[in-house]
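Residue strings, one per chain:
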Amino acid sequence: MNALVMNCSPVKTGATAEIVKIVSEQMSHKYHTKSICIDDYDFDFCKGCRSCHTTAKCMQQDDIDLIIKEYERADILVLVAPSYWADIPGQFKAFIDRCTPWCNTHEPHAAVSKGKKGYVIALRTGPSIGECNRIIESIEHFYGHMEIARCGSLGLCSVEYKEAVEQRKEEIIEFCNKL
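Since the model is a prediction, treat every value here as computed from it, not as a measurement.

Asks: Quick rundown of the packing of helix 1 (residues 15-27) against helix 6 (residues 169-177)? Include the residues and the values.
Replies: Where helix 1 contacts helix 6, the axes come no closer than 10 Å and their chain directions differ by 40°. Between helix 1 and helix 6, the crossing angle belongs to the class labelled oblique. Regarding helix 1 and helix 6, the two cross each other, and that crossing is right-handed. For the pair helix 1 and helix 6, contact is made by Ile19, Ile22, Val23 and Gln26 and by Lys169, Ile172, Ile173, Cys176 and Asn177, respectively. Partitioned by chemical class, the residues of the contact of helix 1 with helix 6 number 6 nonpolar, 2 polar and 1 charged.

Structure (structure tokens):
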């Protein structure tokens, strides 16, 4: 089985990236694992033209298809997202918007293969779990429209810098052991 761990933050060296590293290491004990970062891909915002509602394809030609190929390859997806003003980072939101051709809210639509399992890890700098829950809900909503099974989540509060991840490592490993 194949696992994909995605850094939904544009920061390649921060706390989110550190969590992706831990998750990838843990997942690699059981699965063929690949990690990617949203910032490694070049794509534009959705233009709102809705041409994909009739063609099941986006008129824009960029790296969105490369990310979807990674999703297609994976049996298990673990998306790791920090809080940017109490929600997912804008770069990841732009990706979600561009996934409209694969969204089950219109016909025809493209689709990733069935049977995928999706997990979420959300992190934030403050002590309240509410923001983590909002991020988890956003990503699980995305999973639903992509017909990816929503299988579990972890919210991590009080994680601002990657040094703080070390204190939460056991919690992250315990979460990974359930996947």
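The discussion continues.
Asks: How would you sum up the nonpolar core? Please name residues and give values.
Replies: If you look at the biggest cluster of nonpolar residues, it comprises 34 residues, and the most contacted ones within it are Tyr71, Phe92, Phe95 and Phe142. Breaking this core down by element, the ones donating at least two residues are strand 1 (2-7), helix 3 (64-73), strand 3 (76-82), helix 4 (90-98), strand 4 (117-123) and helix 5 (130-146). Residues within four places of phenylalanine 95 in sequence aside, it is in contact with Ile38, Phe43, Ile64, Ile67, Ile68, Tyr71 and Phe142.

Asks: Pulling in residues and values, what's your account of the pattern of salt bridges?
Replies: A complete count under the given rule lists 9 salt bridges for this structure. A salt bridge links arginine 168 to glutamate 171; the shortest N-O distance between them is 2.9 Å. Connected through shared salt-bridge partners, Lys34, Glu70 and Arg73 make up one network.

Asks: For the pairing of strand 3, give the residues involved together with the corresponding values.
Replies: On a regular strand, each side chain points to the face opposite its neighbour's, so the side chains alternate between the two faces of the sheet. Most of strand 3 is tucked away, with 7 of its 7 residues classed as buried. Here strand 3 shows two buried faces, one formed by Ile76, Val78, Val80 and Pro82 and the other by Leu77, Leu79 and Ala81. Bridge count between strand 1 and strand 3: 5 bridges; the pairing is parallel. Bridge pairing links leucine 4 to leucine 77 in strand 3. In the sheet, strand 3 pairs with strand 4 via 7 bridges, with the strands oriented parallel. Residue pairing across strands places isoleucine 76 opposite lysine 117, the latter belonging to strand 4. For the crossover that starts at strand 3, traverses helix 4 and ends in the parallel strand 4, the hand is right-handed.

Conventions and cut-offs
- Residues numbered from 1 in each chain as written.
- Predicted model: local features only at pLDDT ≥ 70, side-chain atom pairs only at ≥ 80, totals over all residues.
- Heavy atoms only, no water.
- Axes fitted to C-alpha atoms, helices over the stretch in contact; angles between N-to-C directions.
- Helix = DSSP H or I, 4+ residues; strand = E, 2+ residues; numbered from the N terminus.
- Parallel < 35°, antiparallel > 145°, perpendicular 65-115°, else oblique.
- Left-handed = near helix turned anticlockwise from the far one by under 90°.
- Contact = heavy atoms within 4.5 Å.
- Nonpolar A, V, L, I, M, F, W, Y, C, P; charged D, E, K, R; others polar.
- Core = buried A, V, L, I, M, F, W, Y, C linked by side-chain atoms within 4.5 Å.
- Buried < 20%, exposed > 50% of the residue type's maximum accessible area, 1.4 Å probe, protein only.
- Salt bridge = Lys/Arg side-chain N within 4 Å of Asp/Glu carboxyl O.
- Pairing = 2+ DSSP bridges.
- Right-handed = clockwise from strand over helix to strand, strands pointing away.

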